[in-house]
Amino acid sequence: MATELHEAIVMAKQERHKNLFLNYRNLNHFPVDLLKDEGLQFLERLYMKRNLLTTLPDNLPQKLPNLIELYLHSNNIVLIPEAIGNLARLQSLDLSNNALQLLCPEVGRLRTLRHLRLSNNQLKCLPPEIGDLHELETLDVSMNQLMSLPDRLHRCISLQSLSADHNLLSQVPRHLCWLHRLNQLSMAANRLTFLPLDLGRSRELQFVFVDNNVDLKGLPSYLYNKVIGCSGCGVSPHVLTGELGDSLDEDLSKGLVGLPADVKVVTSEADNVVPLEELAMRTLHRLFHQQRNHHRRHTDVNFLPPMALPKSFLDLLQFPLGHCHRCSQAMFTIIYPKLFPLRHTALAGVHRRATVSFVAYCCSKRCLRTFNLQG
């Protein structure tokens, strides 16, 4: 086996191979022959799945500087070196089915990375530097021990597919709603109780799988007519009886479990007063976007921030709690929820149990009265 491996590497060097397959070799250590002299300067794709590797060499980027794809699926890798960030051309990295407990922040330096697969490891957190991967299109972190996703994940502006099934996640970061290229989101078998109000507002998001989140009882109505997997969600087989759009009742209250702390008022058609804080935030939000759009049209090197506000407040203006499902008005502290049981929708026949309902979130009594899920 050693002789065969040596001959394969020698041939790859002599013939300047771009692809090298070293799968199923029972390798305990990274092959020394790959790192001798100048290494394999021409190698672009290295396949080393189903081996027994526990780590990677620090000089890997130096000896294999032109790697575009690195496949290390199904090894025993516990850690990857900080030098991994020096693989300047890397586009695909597969570390699925290993024993990773930590992911080094230097992964964020892989600015050309498009596909990152980390499923079936022992990760308890992800470094915030993942948000620096602006070219990332696929991220798979399923079957780990994650309790949260990085707040900066919304900076992965090219992200199209995010899989985080079988973790310990209790919420979906609200900022993910701003990933306008996201097409598929899968967060099945977690601990979700609630989904962001704006989830599904982007036309690009077409596939959402949240099956087997037993405490998840409501889906935002922006997901209506998307491809949804929600079997095994909800714990009560009871569905709302009576007329749709009634004021808050026991069923709707259960469906609102887990709303983010930003929601200070859950109101109904009977309430008459919108809190002053909410009115002020909406006004500032409109001013903020008017000035920002003006700045985009008229570039001015002396442009100053539109408002002398703390950064945390400006962030809130950029990322509101949600938008009214009737008129798209931004909302910050108050919502008017309206329940649409699954059995009253076109998706009712898809699921055997109607334990999950769609919840529309409106900004006012008027929108609450006039919103209809069917259009």
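Please read all numbers here as calculations on a predicted model, not as lab measurements.

(A) How the structure looks around the overall build of the protein chain. Within the protein chain one finds six helices and 16 strands. Put simply, the protein chain has 375 residues, and 50% of those count as buried. Considering only intrachain contacts with a sequence separation of at least 6, the fraction spanning at least 24 residues in the protein chain is 47%. Carbon and sulfur atoms make up 50% of the accessible area of the protein chain, which amounts to about 18300 Å² in all.

(B) Inspection of the sheet that holds strand 10 (residues 218–220) at higher detail. The strand order 10-16-15-12 describes an open sheet built from four strands, whose pairing is mixed. The two strands at the open ends of the sheet, each matched to only one other strand, are strand 10 and strand 12 (265–266). Looking at chain direction, strand 10 and strand 16 (residues 357–362) are connected through three bridges and run parallel. Along strand 16, the bridge assignment pairs P220 with V359.

(C) The arrangement of unusual backbone geometry in detail. The phi angle at Y24 is positive, at roughly 55°, despite the residue not being glycine. When you line up the elements, Y24 lands in the loop between strand 1 (19–21) and strand 2 (45–47).

(D) Spotlight on the packing of aromatic side chains. For the coordinates displayed, the defined rule picks out six aromatic pairs. Taking the centre distance of 4.8 Å and the plane angle of 10° together, the rings of Y47 and Y71 count as stacked. One end of the pair, Y47, is in strand 2; the other, Y71, is in strand 3 (residues 69–71), with 24 residues separating them in the sequence. The residues Y47 and Y71 share a single accessibility class, namely buried. Relative to F319, the ring of W178 lies with its centre 5.0 Å away and its plane at 75°, an arrangement referred to as edge-to-face. On the criterion of sequence distance, the pair formed by W178 in the loop between strand 7 (161–163) and strand 8 (184–186) and F319 in the loop between helix 5 (311–318) and strand 13 (322–323) is long-range, its members being 141 residues apart. A relative accessible area of 28% means that W178 is categorised as partly exposed.

(E) Seen up close, empty space enclosed by the protein. For the structure on display, the rule yields three cavities of 30 Å³ or more. The wall of the largest cavity is formed by L176, C177, L179, L182, D198, L199, G200, R201, S202 and L205. Looking at the lining of the largest cavity residue by residue, the class counts come to six nonpolar, two polar and two charged.

(F) Representation of the environment of Y361 within the structure. By the secondary structure assignment, Y361 is in strand 16. On a C-alpha basis, the gap between Y361 and D198 in space is 9.2 Å, while along the polypeptide they are 163 residues apart. Non-local contacts of Y361, meaning those with residues more than four positions away in its chain, are made with F194, L197, P220, L256, L259, H323, C324, H325, M331, I335, Y336 and P337.

(G) Local environment of the layout of surface pockets. Quantified by volume, the largest pocket comes out at close to 360 Å³. Taken together, 20 residues make up the lining of the largest pocket; nearest its centre are Q171, V172, P173, R174 and P260. Grouping the amino acids of the lining of the largest pocket by side-chain chemistry returns 11 nonpolar, six polar and three charged.

(H) Molecular detail of helix 1 (residues 2–14). The first and last C-alpha atoms of helix 1 sit 18 Å apart over 13 residues, in line with the 18 Å expected at 1.5 Å per residue. Turning to helix 1, the residues buried within the fold contact strand 1. Backbone geometry just downstream of helix 1 places R16 in the positive-phi region, at approximately 55°.

(I) Just the environment of L116, in detail. Structurally, L116 can be placed in strand 5 (residues 115–117). A C-alpha to C-alpha distance of 8.6 Å links L116 and V141, two positions 25 residues apart in sequence. Dropping the residues within four chain positions of it, L116 is found in contact with L93, V107, I130, L133, L136, T138, L139 and D140.

(J) Just the sheet that holds strand 6 (residues 138–140), in detail. Here 10 strands make up an open sheet; going across it, the order is 1-2-3-4-5-6-7-8-9-11 and the pairing parallel. Pairing within the sheet leaves two strands with one partner each, and these edge strands are strand 1 and strand 11 (227–229). Looking at each pair of strands side by side, their axes are set apart by 5° on average, direction ignored. With three bridges joining them, strand 8 and strand 9 (residues 207–209) adopt parallel strand pairing. Looking at strand 9, one finds that S186 is bridged to F209.

(K) Fine view of the pairing of strand 16. Of all six residues in strand 16, six are buried, a share of seventy percent or more. Here strand 16 shows two buried faces, one formed by S357, V359 and Y361 and the other by F358, A360 and C362. The pairing of strand 15 (residues 334–341) with strand 16 spans six bridges and is classified as antiparallel. Bridging from a neighbouring strand, K338 pairs with A360 of strand 16.

(L) A look at the pairing of strand 15. The element strand 15 is largely enclosed, with a buried count of eight among its eight residues. Burial along strand 15 is two-sided: I334, Y336, K338 and F340 facing one way and I335, P337, L339 and P341 facing the other are all buried. Note: strand 12 against strand 15, two bridges, orientation parallel. Following the sheet pairing, V266 is matched in strand 15 by I335.

(M) Here's a closer look at the nonpolar core. With 96 residues, the main nonpolar core has F30, L46, L70, I80, L116, L149 and L219 as its most contacted residues. Contributing elements (two or more residues each) for this core: helix 1, strand 15, strand 16 and helix 6 (365–370). Residues M281, F288, L317 and F332 belong to the second largest nonpolar core, which totals six residues.

Rules used throughout
- Residues numbered from 1 in each chain as written.
- Predicted model: local features only at pLDDT ≥ 70, side-chain atom pairs only at ≥ 80, totals over all residues.
- Heavy atoms only, no water.
- Helix = DSSP H or I, 4+ residues; strand = E, 2+ residues; numbered from the N terminus.
- Buried < 20%, exposed > 50% of the residue type's maximum accessible area, 1.4 Å probe, protein only.
- Contact = heavy atoms within 4.5 Å.
- Areas by Shrake-Rupley, 256 points an atom, 1.4 Å probe, with all protein chains shown as cover.
- Pairing = 2+ DSSP bridges.
- Phe/Tyr/Trp six-rings, centres within 6.5 Å; stacked < 30°, edge-to-face > 60°.
- 1 Å grid on protein atoms, 1.4 Å probe; cavity = no way out; pocket = protein on both sides within 12 Å on 5 of 7 lines; lining within 4 Å.
- Points joined across faces, edges and corners; volume = space filled by probe spheres on them.
- Nonpolar A, V, L, I, M, F, W, Y, C, P; charged D, E, K, R; others polar.
- Expected span 1.5 Å × (residues − 1).
- Axes fitted to C-alpha atoms, helices over the stretch in contact; angles between N-to-C directions.
- Core = buried A, V, L, I, M, F, W, Y, C linked by side-chain atoms within 4.5 Å.

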